Amino acid sequence: MQFSKFGEKFNRYSGITRLMDDLNEGLRTPGAIMLGGGNPATIPAMQDYFQQATTEMLANGELIAALSNYDGPQGKDTFLASLANLLRETYGWDISEKNISLSNGSQSAFFNLFNLLAGKQVDGSHKKILLPLAPEYIGYNDAGLDDDIFVSYRPEIEMLENRLFKYHVDFDKLSFDESVAAICVSRPTNPTGNVLTDNEVAKLDKLARDNNVPLILDNAYGTPFPNIIFEEVTPFWNKNTILCMSLSKLGLPGVRCGIVIASEEITEALTNLNGIISLSPGGFGPAIAKHMIDSGDLLRLSETVIKPFYQQKAEFALSLLQQAISDKRFKIHKPEGAMFLWLWFDELPITTMELYTRLKARGVLIVPGEYFFFGQDEQSMEKWDHAHQCLRMNYVQDEAKMRDGIAIIAEEVNKAYAQA
């Protein structure tokens, strides 16, 4: 069969496809230790809450109404109004429902956003998305209708005590020209758990506004919800910012609901795209989220249940790793948020792609770090050892699986070092 140019590009086996295949395969494989994919933790208190909330919604008719009616292409009107009111009253943002649109998951929102802004332009030029700090989210890499829509930059690496380190945006190295369509960064960053400081966000915002391009903040794990963020930071938005949020990490990945908060111009464009591509976003997730806002539970549960749950998990996994791998060449990015630890095996004599293969053979699924360093000159990346020495590890499994998985990682890493 002959596919179109579109078909040939999106029929490729990408890094994000491998990640999701591993996630699905692991869920169906008895004994597999899932330290790779981004499935959120099952938090008992949140499961109980959703059980109670949906029971109430079923009784009062809200649930059936959400399931049996289309919403408009912008998304469920009542949720948009409730969320705009919450953000306006809580943070003083100059925002209304005209600034919010929904999508069938964050991944589809980013596909629409990147292709709305970057790639081949009507004047024949080619625009790119600037990623100021790589490694960056694996799911962005293949989202462009055109190839080569990203340009990214290496971070500054700050060495910390206890074999920790932290990435920072290297503003001295950022190069900005007319080919840049937007700046994009995740906060907390997937895969590393890095959190941009308020000062870094302010500098990126100024850079974006000075060059008349939007700043896209991927806030899937961030503040104010689900608030899987362990640093003191200020929620950020203005009308030059495209703030992307999600219901997934509240514990609702199956409802596939992404939220985009942007200017009215961007919101209208995304709404039009929704109408053409999918008619309208799903209404089940927004109905639950509206119930959470109206009950005063959305921000409260994010702060008092979700955040401490993940923080305790992160600290536990960090402690296990530091005990299991004593080699001084092994370092961990300071866990500041999200649901992953970013492991750096300096001077590792094999690539983390090979390490991934060895671990998968033993039933431990992780994500090799090479996938996250895209948007840079390939020849330069091949020569940067750091890009081949890192892996992403999900830390949300139960205690027994975390102990077993980390023990196997330690065995394989120590074996690789010993064979050097």
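Everything here concerns the structure above.
Residues numbered from 1 in each chain as written. Predicted model: local features only at pLDDT ≥ 70, side-chain atom pairs only at ≥ 80, totals over all residues. Heavy atoms only, no water.

Draft legend 1. Inspection of the overall build of the protein chain at higher detail. Summing up its helical and strand segments, the protein chain has 13 helices and 16 strands in all. For the protein chain, whose C-alpha radius of gyration is 21 Å, the value lies close to the compact-globule estimate of 22 Å for 420 residues. Each principal axis of the C-alpha atoms in the protein chain carries an extent, and together these give about 60 × 55 × 50 Å. Each of the 420 residues in the protein chain was classed as buried or not, and the buried ones make up 55%. When the accessible surface of the protein chain is totalled, it reaches about 18100 Å², and 49% of it is carbon and sulfur. Of note, the protein chain has its 38 positive side-chain charges centred 3 Å away from the centre of its 54 negative side-chain charges. (Helix = DSSP H or I, 4+ residues; strand = E, 2+ residues; numbered from the N terminus. Rg over C-alpha atoms; globule rule 2.2 N^0.38 Å. Buried < 20%, exposed > 50% of the residue type's maximum accessible area, 1.4 Å probe, protein only. Areas by Shrake-Rupley, 256 points an atom, 1.4 Å probe, with all protein chains shown as cover. Lys, Arg positive; Asp, Glu negative; His and termini not counted. Charge placed at Lys NZ, Arg CZ, Asp CG, Glu CD.)

Draft legend 2. How the structure looks around the environment of Glu-412. Within the secondary structure, Glu-412 is located in helix H13 (residues 399-418). For Glu-412, the residues in contact, after removing those within four places along its chain, are Leu-355, Arg-358, Leu-359 and Arg-362. (Contact = heavy atoms within 4.5 Å.)

Draft legend 3. Local environment of helix H7 (residues 198-210). Here H7 spans 18 Å end to end across 13 residues, near enough to the 18 Å set by a 1.5 Å rise per residue. Among the residues of H7, Glu-200, Val-201, Leu-204, Asp-205 and Ala-208 are the ones counted as buried. Along the long axis of H7, the arc covered by the buried residues comes to 135°, so they all point the same way. Opposite the packed face of H7, turned more than 90 degrees from it, sit the exposed residues Asn-199 and Asp-210. Buried residues along H7 sit in contact with strand E7 (164-168), strand E8 (180-186), strand E9 (215-218) and strand E10 (241-246). The first or second residue beyond H7 is Asn-212, which carries a positive phi of 60°. (Expected span 1.5 Å × (residues − 1). Arc of directions from axis to C-beta.)

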